Amino acid sequence: MVGTFLSSATSFATTEHKNHIPSSSPSVNSKAMGKDYSIPDAQDNAESKIIAIINGNLLTQRDVNNREQLFQLTAGVRLTPDVLQRMRPQLIKQLITERLHTQEMLRRNVNVPPEQIAEAIADIEKRNGMPPNALRNQLSSDGVSMSTLIDQIRLQLGWSRVLQQELGSQSRITAQEVEQRQKALKQEVGQPEYLLNEIFIPVENARHPEQELQFTKTIIQQLRNGAPFPIVAAQFSQAQSALQGGALGWVQKDNLDPEVATLVSKMPIGAISNPIQVAGGYIIAMLSGKRTIGNEMGTLMTIRQVFLPFSSKLNPKNPTPQQISVLNQVNQLKNSLHTCQQVEEANQKAGNTRPSDPGPMQLERMNPEMGNVLQGLQPGQVSKPLVSIDGIALIMVCTKEKKNIADISTSEIANQLLSQRVEQVSQQLDRDLHRQAIIEMHTNTNDSTTKPATQPKRKHH
């Protein structure tokens, strides 16, 4: 989905400042360094103000501003200066951790091809119902550097490769381990399991978690105000599930921190939790579903849709000539669609304003309005025209199957076990990188070299 703009995004340090600066002093003697450069004066350019030096690499106010803008744009929210001020200290800590991750990727010669970054951005757009190139266009119109998003995605993908290297032979889950987990699950038949998304905010100093707690509360407020959970998780969560927008899939009670298990068992579906304190930090949980292990019948469907957009918002009492024309087009098109392939081709011809394939769906979890539309359709049948203020859609059911969706496949079990292992390795490597790092803060005159405290291990993903 993302084309030529990625061609120049092949180095890890697109937004990383490459001037190597000794961390023992905020000032630089360029002759002693053997290089001819100078640090920009903060009074001359506020965006060049140095926030921190991480192993000799600069983190500037521009980096912080770009990340704040990126979050507001992708989350679809506009934050007040007061909210931004509360978020900024934690955001700086996150950017420092990302610098350490980037440096480790460079040390290990980990490279992420631009094609993989493009696929990841396309996946973000698809999950959020955005047409191809929408993120690039929105970033451009809001004056946000595209490299800010590219760098973050490159870092997430590259860090996964670092963890794969660190795991080595442990990255393979054996058939015996899967079998042991299957036996354990059989003993849990009848117990609840939960479809969860998480955001994990680590705490540096367990004795003084006030700053992280305030940040967690601010994030929760934005989520409850409508910010999409997957976008927020990708931006701020420090768990490996951030790569999947915080999605953990179906998780059994014994795979959760006790504090999380206790709370989600009482939460209604769709709810977003208050801060949950666990070993190492805070979790924000969103509950998307509950079921009983070994028993949940559901209707699984795949669909395709064609969407014809309006050129302006619809006023039902006074449709424009273009909107009337679109309705006539849809009525003619409906009679010519007999296969899902034809629906995909029609959507492509209409400009792919919305993705033709929204992915697998469960009928029982759809909103009532959409569920009523699809419930009576059989494979190969197309819906009546579905009119919205933005355009008109036609939906065809491709497959429809009633099955016990509580069955957990061997591949799902293996993924769960691997995710737990990866998370443990990630936390340990994070602790090692922070202990070894020389981090000099420049946010105020009292700041000095900092080394974040070791964090206790978390239990689940």
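Preceding this paragraph is the structure being described.
Residues numbered from 1 in each chain as written. Predicted model: local features only at pLDDT ≥ 70, side-chain atom pairs only at ≥ 80, totals over all residues. Heavy atoms only, no water.

*Asks:* Before we go on, may I ask you to explain the overall build of the protein chain in this structure?
*Replies:* On a plain count of helices and strands, the protein chain comes out with 14 helices and twelve strands. Classification of the 461 residues of the protein chain by burial places 48% in the buried group. Taking all contacts inside the protein chain whose residues are at least 6 apart in sequence as the whole, residues at least 24 apart take part in 75%. Total accessible area on the protein chain is roughly 22,600 Å²; 49% of this is exposed by carbon and sulfur atoms. (Helix = DSSP H or I, 4+ residues; strand = E, 2+ residues; numbered from the N terminus. Buried < 20%, exposed > 50% of the residue type's maximum accessible area, 1.4 Å probe, protein only. Contact = heavy atoms within 4.5 Å. Areas by Shrake-Rupley, 256 points an atom, 1.4 Å probe, with all protein chains shown as cover.)

*Asks:* Help me understand the state of the cysteines in this model?
*Replies:* Throughout this description, disulfide means a covalent bond between two cysteine sulfur atoms. In total, this model carries one disulfide according to the counting rule given. Between the sulfur of Cys340 and that of Cys398 lies a disulfide, 1.9 Å long from S to S. What sets the handedness of the Cys340 and Cys398 disulfide is the S-S torsion sign, and at about -120 degrees it is left-handed. One end of the pair, Cys340, is in helix H12 (residues 340-349); the other, Cys398, is in strand E10 (residues 391-404), and 58 residues separate them in sequence. The class of Cys398 is buried, set by a relative accessible area of 18%. (Disulfide = S-S within 2.5 Å.)

*Asks:* I tried to follow the pairing of strand E2 (residues 57-60) on my own but got confused; where do I start?
*Replies:* For a regular strand, side chains alternate in direction, first toward one face of the sheet and then toward the other. Side-chain alternation along E2 places Asn57 and Leu59 on one buried face and Leu58 and Thr60 on a second face that is also buried. Bridging between strand E1 (residues 50-54) and E2 involves four bridges; their strand directions are antiparallel. In the strand pairing of E2, Ile54 is matched with Asn57. Hairpin connection from E1 to E2: two residues lie between these consecutive antiparallel strands, with Asn55 at a positive phi of about 50 degrees. (Pairing = 2+ DSSP bridges.)

*Asks:* For this particular structure, what's the right way to read unusual backbone geometry?
*Replies:* A negative phi holds for most residues other than glycine; trans holds for most peptide bonds. Positive phi values are uncommon outside glycine, yet Asn55 reaches one of about 50 degrees. Structurally, Asn55 can be placed in the loop between E1 and E2. Judged by its relative accessible area of 28%, Asn55 is partly exposed. Despite not being glycine, Asn352 shows a phi value in the positive range, around 50 degrees. Mapped onto the fold, Asn352 is located in the loop between H12 and strand E8 (361-362).

*Asks:* Please clarify how the nonpolar core should be interpreted in this entry.
*Replies:* The tendency in soluble globular proteins is for nonpolar side chains to be buried as a group. Within the largest apolar cluster, 61 residues are counted, with the highest numbers of intra-cluster contacts made by Ile199 and Ile219. Residues in contact with Ile199, not counting those within four places in the same chain, are Ile219, Leu223, Phe229, Val232, Ala233, Ser237, Tyr282, Ile283 and Ile284. Grouped together as the second largest cluster of nonpolar side chains are 17 residues, Leu248, Val251, Met267 and Ala271 included. (Core = buried A, V, L, I, M, F, W, Y, C linked by side-chain atoms within 4.5 Å.)

*Asks:* So what exactly am I meant to see when it comes to the side chain of Thr299 here?
*Replies:* By secondary structure assignment, the location of Thr299 is in strand E7 (residues 297-309). Of the polar contacts made by the side chain of Thr299, one reaches the side chain of Lys402; its length is 3.5 Å. (Polar contact = N/O pair within 3.5 Å; in protein donor to acceptor, adjacent residues only side chain to side chain.)

*Asks:* I tried to follow the pattern of salt bridges on my own but got confused; where do I start?
*Replies:* Opposite charge on two side chains permits pairing when their charged atoms draw close. Summed over all chains, the structure comprises 18 salt bridges. Of the charged contacts in the structure, one is a salt bridge between Glu212 and Lys93, with a shortest N-O distance of 3.0 Å. Here Glu212, found in helix H8 (residues 210-224), pairs with Lys93, found in helix H3 (residues 81-107); they are 119 residues apart in sequence, far enough to count as distant. Take Glu212: its relative accessible area is 2%, and that puts it in the buried class. (Salt bridge = Lys/Arg side-chain N within 4 Å of Asp/Glu carboxyl O.)

*Asks:* Explanation requested: helix H7 (residues 175-187) in the structure shown.
*Replies:* Because each turn of an α-helix spans 3.6 residues, side chains separated by three or four positions end up pointing in the same direction. An ideal rise of 1.5 Å per residue puts 18 Å on 13 residues; H7 measures up with 19 Å between its terminal C-alpha atoms. Lining the buried residues of H7 we find strand E4 (247-252) and helix H14 (410-436). (Expected span 1.5 Å × (residues − 1).)

*Asks:* Looking at this structure, I do not really get the side chain of Arg304. What am I missing?
*Replies:* Relative to the assigned elements, Arg304 resides in strand E7. Polar contacts involving the side chain of Arg304 include one to the side chain of Glu344, which spans 2.7 Å. With sequence-adjacent residues up to four places away left out, Arg304 is seen in contact with Cys340, Val343, Glu344, Ser356, Asp357, Leu394, Ile395, Met396 and Cys398.

*Asks:* Just checking my understanding: could you explain the sheet that holds strand E3 (residues 192-202) for this structure?
*Replies:* Backbone hydrogen bonds hold the strands of a sheet together, and the pairing may be parallel or antiparallel. With antiparallel pairing, four strands are arranged side by side in an open sheet as E4-E3-E6-E5. With partners counted over all chains shown, the strands left at the sheet margins are E4 and strand E5 (276-278), one partner each. The sheet shows a mean angle of 45 degrees between the axes of neighbouring strands, taken without regard to direction. Strand direction decides the pairing type here: E5 and strand E6 (residues 281-292), joined by three bridges, are antiparallel. Counted as the bridge partner of Ile276 is Ile283 from E6. Strands in contact with H8 are E3 and E6; relative to E6, the strand with the most contacts, it is inclined by about 40 degrees. (Axes fitted to C-alpha atoms, helices over the stretch in contact; angles between N-to-C directions.)

*Asks:* How should I be thinking about the packing of helix H6 (residues 146-167) against H14 in this particular structure?
*Replies:* When two helices pack together, their arrangement is captured by the angle between the axes and the distance separating the axes. Here H6 crosses H14 at 95 degrees, and the two axes come no closer than 10 Å. Taken as axis vectors, H6 and H14 run roughly perpendicular relative to one another. Of the residues in H14, those in contact with Trp159, Val162, Leu163, Glu166 and Leu167 of H6 are Leu418, Arg421, Val422, Val425, Ser426, Leu429, Asp430 and Leu433. Here the residues of the contact of H6 with H14 are counted per class, giving nine nonpolar, one polar and three charged. (Parallel < 35°, antiparallel > 145°, perpendicular 65-115°, else oblique. Nonpolar A, V, L, I, M, F, W, Y, C, P; charged D, E, K, R; others polar.)

*Asks:* Help me out: how do you make sense of the packing of aromatic side chains in this one?
*Replies:* Describing an aromatic ring pair means giving the distance of the ring centres and the angle of the ring planes. Taken as a whole and judged by the stated rule, the model has two aromatic pairs. Centre to centre, the rings of Phe215 and Phe236 are 5.4 Å apart; their planes meet at 75 degrees, and the pair counts as edge-to-face. One end of the pair, Phe215, is in helix H8; the other, Phe236, is in helix H9 (residues 229-236), with 21 residues separating them in the sequence. For Phe236, a relative accessible area of 2% puts it in the buried group. Linked through ring pairs, Phe71, Phe215 and Phe236 together constitute an aromatic cluster. Above the plane of the ring of Trp250 lies Arg291, whose end atom (NZ or CZ) is 4.0 Å from the centre. Sitting above the plane of the Phe307 ring, Arg354 keeps its charged end 3.9 Å from the centroid. (Phe/Tyr/Trp six-rings, centres within 6.5 Å; stacked < 30°, edge-to-face > 60°. Lys NZ or Arg CZ within 6 Å of the ring centre and 35° of its normal.)

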